[in-house]
Amino acid sequence: MADNPVERQHQREREQERERLREQEQKDLEVESRRGPRPLEGYAGGHTTWTGSQDDEAAARVHAGDAEASWEASERQARLEPEPESRSPDEDEEARRRGEEPVSQRE
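A.B. asks: Run through the overall build of the chain, naming residues and quoting values.
C.D. replies: Secondary structure summary: the chain contains 4 helices and 0 strands in total. When the helices and strands of the chain are listed from N to C terminus, the series reads α-α-α-α. The buried share among the 107 residues of the chain stands at 5%. Put simply, the chain shows about 10,200 Å² of open surface, and 50% of that area lies on carbon and sulfur atoms.

And the structure:
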């Protein structure tokens, strides 16, 4: 098969690709051998006053009811109850501004 010119071309291309992959792997190994903090992409030289506790505080506020909501949804699903329509307080406020009945009180 190696006598076929097309097969030789394919073999040569495969060898080139393997060599390229070896070079990339070697570069990766060199980078990984150097330990140290890794800057966030796009923020490599930036300084910030943001702290990890701020992330924790925000997450606690945003996700405070996630566990309960998930549990209730699982219970409804287990009982094959339909999901309640989700209505945001913003929808009620918009309806009040237009002089309409709040969305949460409509049947």
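On we go from here.
A.B. asks: Kindly report on the confidence of the model for the chain, identifying the contributing residues and their values.
C.D. replies: When pLDDT is averaged along the chain, the result is 78; 71% of the residues meet or exceed 70. Averaged pLDDT values over the elements of the chain bottom out at 73 in helix H4 (residues 89–97) and peak at 93 in helix H1 (residues 5–33).

A.B. asks: Which residues make up the pattern of salt bridges, and what values go with them?
C.D. replies: For side chains of opposite charge, pairing can occur when their charged atoms come near one another. The tally for this structure, following the rule as stated, stands at 4 salt bridges. Across the salt bridge formed by Glu 7 and Arg 14, the nearest N and O atoms sit 3.2 Å from each other. Taking the shortest distance from any N to any O, the salt bridge between Arg 22 and Glu 19 comes out at 2.9 Å. Of the two residues, Arg 22 and Glu 19 are both situated in helix H1; the distance of 3 residues between them amounts to about one turn of the helix. Overall, Glu 19 belongs to the partly exposed group, its relative accessible area being 37%.

A.B. asks: An account of H1 is requested, with residue identities and associated values reported.
C.D. replies: If you check H1, its first and last C-alpha atoms are 42 Å apart, about what 29 residues at 1.5 Å a residue would give, namely 42 Å. Looking at where H1 begins, the residue whose side-chain oxygen comes 3.0 Å from the main-chain nitrogen of Val 6 is Asn 4.

What counts, and where the lines are drawn
Residues numbered from 1 in each chain as written. Predicted model: local features only at pLDDT ≥ 70, side-chain atom pairs only at ≥ 80, totals over all residues. Heavy atoms only, no water. Helix = DSSP H or I, 4+ residues; strand = E, 2+ residues; numbered from the N terminus. Buried < 20%, exposed > 50% of the residue type's maximum accessible area, 1.4 Å probe, protein only. Areas by Shrake-Rupley, 256 points an atom, 1.4 Å probe, with all protein chains shown as cover. pLDDT = per-residue confidence, 0-100. Salt bridge = Lys/Arg side-chain N within 4 Å of Asp/Glu carboxyl O. Expected span 1.5 Å × (residues − 1). Polar contact = N/O pair within 3.5 Å; in protein donor to acceptor, adjacent residues only side chain to side chain.

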